[in-house]
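A look at the structure
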Amino acid sequence: MKNILITGGAGFIGSNFVRYMLKNEPAIQVINLDALTYAGSPTNLEALPGEKRHTFIQGDICDRALVDDLLRQREIDTIVHFAAESHVDRSILGPEQFIQTNIVGTFTLLEAAKFYWLHERKWNDGQARFHHISTDEVYGSLAPDEPPFAETTPYQPNSPYAASKASSDHLVRAYHHTYGLPTTLTNCSNNYGPYQFPEKLVPLIILNALEGKPLPVYGDGQQIRDWLYVEDHCEAIALVLRQGRIGEEYNIGGDNQPTNLEIIHTLCSILDARLPASPHAPHTQLIEYVTDRPGHDRRYAINMAKIQTELGWQPRQALASGLEKTVDWYLNNADWVAKIRSQQQYNQWMQQNYVDRS
Ligand code: NAD
Ligand code: DAU
């Protein structure tokens, strides 16, 4: 692994991964390809460790000519593919872009990698790798007594977002099976931590609570997610890159099962403790039940036995302390928050998803 192309490296997990790799892999060059949609920002890439080994390229993964040029000119041996439309709610209100980026974009990258690595025979076996970042949402929703998602669980995606990710996963699998493209794939649960765009649950709750705005709970708030601190996710991906078996999938999770309401209560009590003089404390008074997300998945849970036994990975960060670190990060990075939320599109989204919600 010398020259690594990271797509979507200006987004939440991608920028954390860029940071992680520059810090922990001193010999690699990182080429970061990101279209800078509403979800990506150069602000996420400020003060990187080993900055000189990072090159940022603004561009679209659907642009085949650009991707071809990058692979050749930068002699890319490893692709880690994060770039996606990632927000379930946005996929419900406007699915088209999800089809384009998540399916067509992944197809474009796979074709370019196939051409460069397999047809031009630039690399020998074992020297190249296409790692695809996917989600647990492809497995659908679990009943309370159903066992957690394993790598063998059939796909049953419920939202346009999940369906588009499932499609991209199938393409990755097919490119390995049919053409022998050296791929690995990880399906991960809900991430939280620094640099998460504030339309997702954890940062949204923290920032709304700080400002005394309503804390919107979809439906009854009893939906269950498995929460993973983003740095743990980065570590797992790096391990799969180094040691994961070609053609394999690995599930990654945080090994916890809180309801959304429990997450919101925990965040409120952390804020109560950090800001005892706040006029909004106790922050739970801001909780407001709103119309549920259409097709809302009830429960996700991850069986991590494969990555634990094969690669020895497990999450380091406990949920309670991870949420504390995350609250502190948002409290200490008001400039980042202001820059991210100043975008026109953010306010439009808040209006569309919450004020206009019926
Ligand atoms: P994000 O929305 O924060 O970031 C996505 C990034 O991709 C942004 O920087 C955006 O500008 C870029 N992008 C979008 N369309 C692009 C295009 N056409 N060309 C180039 N760049 C483009 O997403 P995230 O939460 O960091 O998720 C990253 C990946 O991880 C996604 O593939 C997502 O499906 C997956 N994932 C996310 C989670 C989670 O909890 N956030 C969990 C499991 C898997
Ligand atoms: O499971 C992995 C997935 O986690 C990733 O694939 C997605 O990219 C990522 O966005 C995330 O999807 P979710 O839909 O689970 O995340 P979100 O933060 O949008 O919502 C978490 C839960 O909180 C979900 O059950 C919906 C609920 N929710 C969310 C928002 C934004 C609320 O109750 N109120 C809200 O305002």
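Structure: above.
The notes below deal with the structure included here. (Residues numbered from 1 in each chain as written. Chains lettered and ligands numbered in written order. Predicted model: local features only at pLDDT ≥ 70, side-chain atom pairs only at ≥ 80, totals over all residues. Heavy atoms only, no water.)

Around ligand 2 sit 23 residues, and of these T135, D136, Y161, R293 and Y354 come closest. Between an oxygen atom of ligand 2 and a side-chain N or O atom of R225, the distance comes to 3.0 Å. In isolation ligand 2 offers 690 Å² of accessible surface; the protein chains occlude 95% of this area. Taken together, the elements giving at least two residues each to the shell around ligand 2 come down to α6 (201–210) and β8 (215–218). For the shell around ligand 2, the element with the highest residue contribution is β8, accounting for three residues. Along the lines of polarity and charge, the residues of the shell around ligand 2 split into ten nonpolar, seven polar and six charged. (Near = heavy atom within 4 Å. Polar contact = N/O pair within 3.5 Å; in protein donor to acceptor, adjacent residues only side chain to side chain. Areas by Shrake-Rupley, 256 points an atom, 1.4 Å probe, with all protein chains shown as cover. Helix = DSSP H or I, 4+ residues; strand = E, 2+ residues; numbered from the N terminus. Nonpolar A, V, L, I, M, F, W, Y, C, P; charged D, E, K, R; others polar.)

Taken together, 29 residues sit near ligand 1, with I13, D34, S86, Y161 and K165 positioned nearest. In this structure, D34 approaches ligand 1 through a side-chain N or O atom, which is 2.5 Å from an oxygen atom. In this structure, an oxygen atom belonging to ligand 1 sits 2.6 Å away from a side-chain N or O atom of K165. When the free accessible area of ligand 1 is taken as 830 Å², the share hidden by the protein chains comes to 96%. Going through the elements one at a time, α1 (12–24), β5 (129–135), α5 (160–179) and β7 (190–192) are the ones with two or more residues in the shell around ligand 1. For the shell around ligand 1, the leading source of residues is β5, giving three residues.

With that settled, the discussion passes to the pairing of strand β1 (residues 3–7). Buried residues dominate β1, accounting for five of its five residues. Burial along β1 is two-sided: the residues N3, L5 and T7 and I4 and I6 are all buried. Bridge count for β1 against strand β2 (residues 29–34) is five bridges, and the pairing is parallel. Directly across from T7, in β2, lies its bridge partner L33. Viewed along the sheet, the connection from β1 through α1 into β2 turns out right-handed. (Buried < 20%, exposed > 50% of the residue type's maximum accessible area, 1.4 Å probe, protein only. Pairing = 2+ DSSP bridges. Right-handed = clockwise from strand over helix to strand, strands pointing away.)

With that settled, consider α6. Each full turn of the α-helix corresponds to 3.6 residues, which orients residues three or four apart in the same direction. Taking burial as the measure, the ten residues of α6 include eight buried ones, the bulk of the element. Restricting attention to buried positions, one finds in α6 the residues V202, P203, L204, I205, I206, L207, N208 and A209. Looking one or two residues past α6, G212 carries a phi angle of roughly 70 degrees, positive in sign.

Bringing the packing of aromatic side chains into the picture now. Throughout the structure, instances matching the rule amount to 15 aromatic pairs. Where Y139 meets Y155, the ring centres are 5.5 Å apart and the plane angle is 90 degrees; that geometry is what we call edge-to-face. Note that Y139 is positioned in the loop between β5 and α5 and Y155 in the loop between β5 and α5, a separation of 16 residues in sequence. Take Y139: its relative accessible area is 3%, and that puts it in the buried class. Seen from their ring centres, Y330 and W336 are 5.9 Å apart, and the 75 degrees between their planes marks the pair as edge-to-face. Note on Y330: relative accessible area 2%, which makes it buried. W336 sits in the buried class, given a relative accessible area of 5%. What links up through ring pairs into an aromatic cluster is the set Y139, F149, Y155 and Y300. Above the face of the Y38 ring, R90 is positioned so that its terminal group lies 3.5 Å from the ring centre. (Phe/Tyr/Trp six-rings, centres within 6.5 Å; stacked < 30°, edge-to-face > 60°. Lys NZ or Arg CZ within 6 Å of the ring centre and 35° of its normal.)

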